[in-house]
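Remarks on the overall topology
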Amino acid sequence: MNNFSYTKVSTTDQAISQIDGDIRNKIVAGGTNLNDLLKYFITKADKLVDINPIAENNSIIRLETGGVRIGALHTNADMAYDPIIEERYPLLSKAILAGASAQIRNMATNGGNLMQRTRCYYFYDITTPCNKRDPGSGCAAITGYNRIHAILGQSENCIAVFPSDMCVALAALNAAVNIKGPEGERVLAFAEFHRLSGDTPHIDNNLKHGEIITSIDLPAKGFEKNYSYLKLRDRSSYSFALVSVATGLDIENGIIKEARIALGGVAHKPWRSTEAEDFLKAKEPTRINFSEAAAIILKDAKGYEHNSFKIELAKRAIVRNCLMALNPESQRPGAKPSL
Amino acid sequence: MKTEATHSTSLIVNEAAYNLELLPWVSLLDVLRDEIKLTGTKKGCDHGQCGACTIIVDGKRILSCLTLGVMKNGSEITTIEGIANGEKLHPLQQAFIEHDAFQCGYCTPGQICSAIGMLNEAKAKTREDVQELMSGNLCRCGASKGIINAIMEVKGDYHE
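Remember, it's a predicted structure, so these values are computed and weren't measured experimentally. (Residues numbered from 1 in each chain as written. Chains lettered and ligands numbered in written order. Predicted model: local features only at pLDDT ≥ 70, side-chain atom pairs only at ≥ 80, totals over all residues.)

With that settled, consider the overall build of chain B. For chain B, the count of helices and strands is 5 helices and 5 strands. Its helices and strands taken in sequence order, chain B reads β-β-α-β-β-β-α-α-α-α from the N to the C terminus. Taken over the C-alpha trace, chain B has a radius of gyration of 16 Å; the compact-globule value for 160 residues is 15 Å, and the two agree within 12%. With the C-alpha coordinates of chain B rotated into their principal frame, the extents come out at 60 × 30 × 30 Å. (Helix = DSSP H or I, 4+ residues; strand = E, 2+ residues; numbered from the N terminus. Rg over C-alpha atoms; globule rule 2.2 N^0.38 Å.)

Residues and elements named next belong to chain A. The end-to-end C-alpha distance of helix H13 (residues 309–325) is 24 Å, a good match for the 24 Å that 17 residues give at a rise of 1.5 Å each. Residues Lys310, Ala314, Ala317, Ile318, Val319, Arg320, Asn321, Cys322, Met324 and Ala325 constitute the buried set of H13. Looking at the buried positions of H13, the neighbouring elements they touch are strand E9 (227–232), strand E10 (243–252), strand E11 (255–264) and helix H12 (287–297). (Expected span 1.5 Å × (residues − 1). Buried ≥ 20, exposed ≤ 12 C-beta atoms within 10 Å, placed from the backbone. Contact = placed C-beta atoms within 7 Å.)

Right, let's get into the nonpolar core. Ranked by size, the top nonpolar core spans 147 residues in total, and within it Leu91(A), Leu92(A), Ala95(A), Ala169(A), Leu170(A), Val266(A) and Ile318(A) carry the most contacts. Contact partners of Ala95(A), with chain neighbours within four places excluded, come to Asp165(A), Met166(A), Val168(A), Ala169(A), Tyr229(A) and Ala246(A). (Core = buried A, V, L, I, M, F, W, Y, C linked by C-beta atoms within 7 Å.)

Often, the extent of an interface is quoted as the loss of accessible area upon association of its parts. Residues and elements named next belong to chain A. When the domains of chain A are assigned, the result is domain 1 (5–53), domain 2 (55–115 + 162–218) and domain 3 (227–327). Between domain 1 and domain 2, the C-alpha centre-to-centre distance is 18 Å. Contacts between the two partners involve 16 residues from domain 1, matched on the other side by 18 residues from domain 2. Sort the elements by how many residues they give to the side of domain 1 that touches domain 2 and helix H1 (residues 12–19) lands first, with 4 residues. Counted by class, the side of domain 1 that touches domain 2 contains 8 nonpolar, 8 polar and no charged residues. (Domains from an automatic or database assignment. Nonpolar A, V, L, I, M, F, W, Y, C, P; charged D, E, K, R; others polar.)

Next up on the list: the confidence of the model for chain B. Averaged over every residue, the pLDDT of chain B is 96; residues scoring 70 or more account for 98%. This complex was scored by the predictor with a pTM of 0.97 and an ipTM of 0.96. (pLDDT = per-residue confidence, 0-100.)

Okay, the sheet that holds E10(A) next. Residue and element names in this part refer to chain A. An order of E9-E10-E11-E12 is seen for the 4 strands of this open sheet, with the pairing classed as antiparallel. Each edge of the sheet is formed by a strand with only one pairing partner; in this case those strands are E9 and strand E12 (271–272). Bridge count for E10 against E11 is 9 bridges, and the pairing is antiparallel. Within the sheet, the bridge partner assigned to Ser244 lies in E11 and is Gly264. Lying over the sheet, H13 contacts E9, E10 and E11, oriented at roughly 35° with respect to E10. (Pairing = 2+ DSSP bridges. Axes fitted to C-alpha atoms, helices over the stretch in contact; angles between N-to-C directions.)

Taking the numbering used here, the UniProt-annotated feature "domain: FAD-binding PCMH-type" (unreviewed entry) corresponds to residues 1–223 of chain A. Between the C-alpha atoms that bound residues 1–223 of chain A the distance is 43 Å, and the span itself is 27% helix and 17% strand. (UniProt positions renumbered as here; feature names shortened; annotations may be inferred.)

Of the residues lining the interface, 24 residues belong to chain B; the matching set on chain A comes to 23 residues. At the level of secondary structure, the elements contributing two or more residues to the side of chain B that touches chain A comprise strand E4 (60–63), helix H3 (108–121) and helix H4 (127–133) of chain B. Looking at which element gives the most residues to the side of chain B that touches chain A, the answer is E4(B), with 4 residues. Here the side of chain B that touches chain A is built from residues that sort into 10 nonpolar, 9 polar and 5 charged.

A few words on the domain arrangement of chain B. Residues and elements named next belong to chain B. Domain assignment breaks chain B into domain 1 (7–82) and domain 2 (91–155). Each of domain 1 and domain 2 has a C-alpha centre, and these two points are 21 Å apart. Going through the elements one at a time, strand E3 (54–57) and E4 are the ones with two or more residues in the side of domain 1 that touches domain 2. Broken down by element, the side of domain 1 that touches domain 2 gets its largest block of residues, 3 residues, from E3. Taken together, the residues that form the side of domain 1 that touches domain 2 break down as 6 nonpolar, 6 polar and 3 charged.

Below, the discussion takes up unusual backbone geometry. Residues and elements named next belong to chain A. One non-glycine residue with positive phi stands out, namely Ala100, at about 55°. Tracing the chain through its elements places Ala100 in the loop between helix H5 (90–97) and helix H6 (102–107). By C-beta crowding, Ala100 is classed as buried, having 28 other C-beta atoms within 10 Å.

Now for the sheet that holds strand E2 (residues 16–22) of chain B. All names here are of chain B. Within the open sheet, the 5 strands sit side by side as E2-E1-E5-E3-E4. Their pairing is mixed. Looking along the sheet, the strands with just one partner apiece sit at the ends: E2 and E4. Strand-to-strand twist across the sheet, computed as the mean angle between neighbouring axes with direction ignored, equals 40°. Across 4 bridges, the pairing between E3 and E4 is antiparallel. Each residue of the ladder has a partner; that of Thr54, found in E4, is Leu63. Packing of H3 onto the sheet brings it into contact with E3 and E4, and relative to E3 it is tilted by some 40°.

This next bit is on H3(B). The terminal C-alpha atoms of H3(B) lie 20 Å apart, and with 14 residues this matches the ideal 20 Å at 1.5 Å per residue to within 8%. Among the 14 residues of H3(B), 11 are classified as buried, and the element is accordingly described as predominantly covered. Check the buried side of H3(B) and you find it contacts H6 of chain A together with E3, E4, helix H2 (91–98), H4 and helix H5 (144–155) of chain B. With its phi angle positive at about 60°, Ala122(B) sits one or two positions after the end of H3(B).

This is the structure:
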């Protein structure tokens, strides 16, 4: 790590004023990703602003809309095991528990989960070109070992994927991100929070520097009857997703009223397809219909030398996960059980 | 040594109070090992991938390599040195011996602290749950089966 100064703040306003819009001043909460990036000299800081004591951002409250507001500083573990989340948003709970390890979930915060950076090996290896780490230097992954990389929405500048599990569920749930900055408060729909790599792969999301995530709003609809999270990876625990799928289904009299399908591990942000979700509306929840929806989601997918397998894998994962959502008891955090 | 860059930091480690002058960029793991000289907590990968540095902070198991000493000012910490009762081993330490739950021993302090944290969390019901919730602690020697057996015995529902 480079040498930096450190300060602790107890209100969001103090945090904003300490950051003062300076890109070298960094916010630290759980630290599970930032401290690692600092160790690798990928992130360099002049000052760390420790926001852990901000009590106003560490609560769960029920909203008048019927939804729930979860504080940015809640830990991933506290969120996953919270009785309200387990009962109303079990998809979110399952997704969180599929990520990282118990120790990391005890440290990592909800806001930090949104802000974590890609685990692309070239991004982490400062001896190689990487447009995300060093804009304009090139992308070593496109012609390199790209097994874990993107198949949807990528650009020729960057094929990194966003690694979160929790955010895949938040995308499926249509969450909203509450933000405070020097110019006041604003709200971003979850789909608008993270960005595709495009021409600016060094910018992961639409949070401006100097702004801070204060909380995340979950809408009233939690899909607690028919939901499932499936994560496929090289080992069955403590590994990032090759492909993950969050499914929420609203089924009435054997007919799908609403379907939500979000993919993780395949793009620079959690991936959804309005076309596929619309296709499933007013249809029966059958394997054939789920297969058709999967084909729609992956129709523009593009693989590289080592990750083309992900296209078929994603299709099968979508079908399997949608079938598991019909019987949520059948799901586990890992790839088990087979159907 | 107190300098302009250091922060006065109080830690309670294994029930003993330490008042330290810490540089902000020093990990809690390095504080424990280099400042407090408690070297039972191991540095495996130093990047949050192996679990060897697992300790218990304010009742929760965390990775000491991924947090900074200054961030834990005022915290109560338990390391592997603090779990035995005098000469009497902690039940998990005893069970690790009886179940051949280590070979080289490097991951063992982290495994045991993690298992204590897991049992306190009380979320694991089955052997499969224990395996899942201990997945953050790797064992290069492959003693994993013995480790899970030892934990299951202490948990109270060990079956061969």
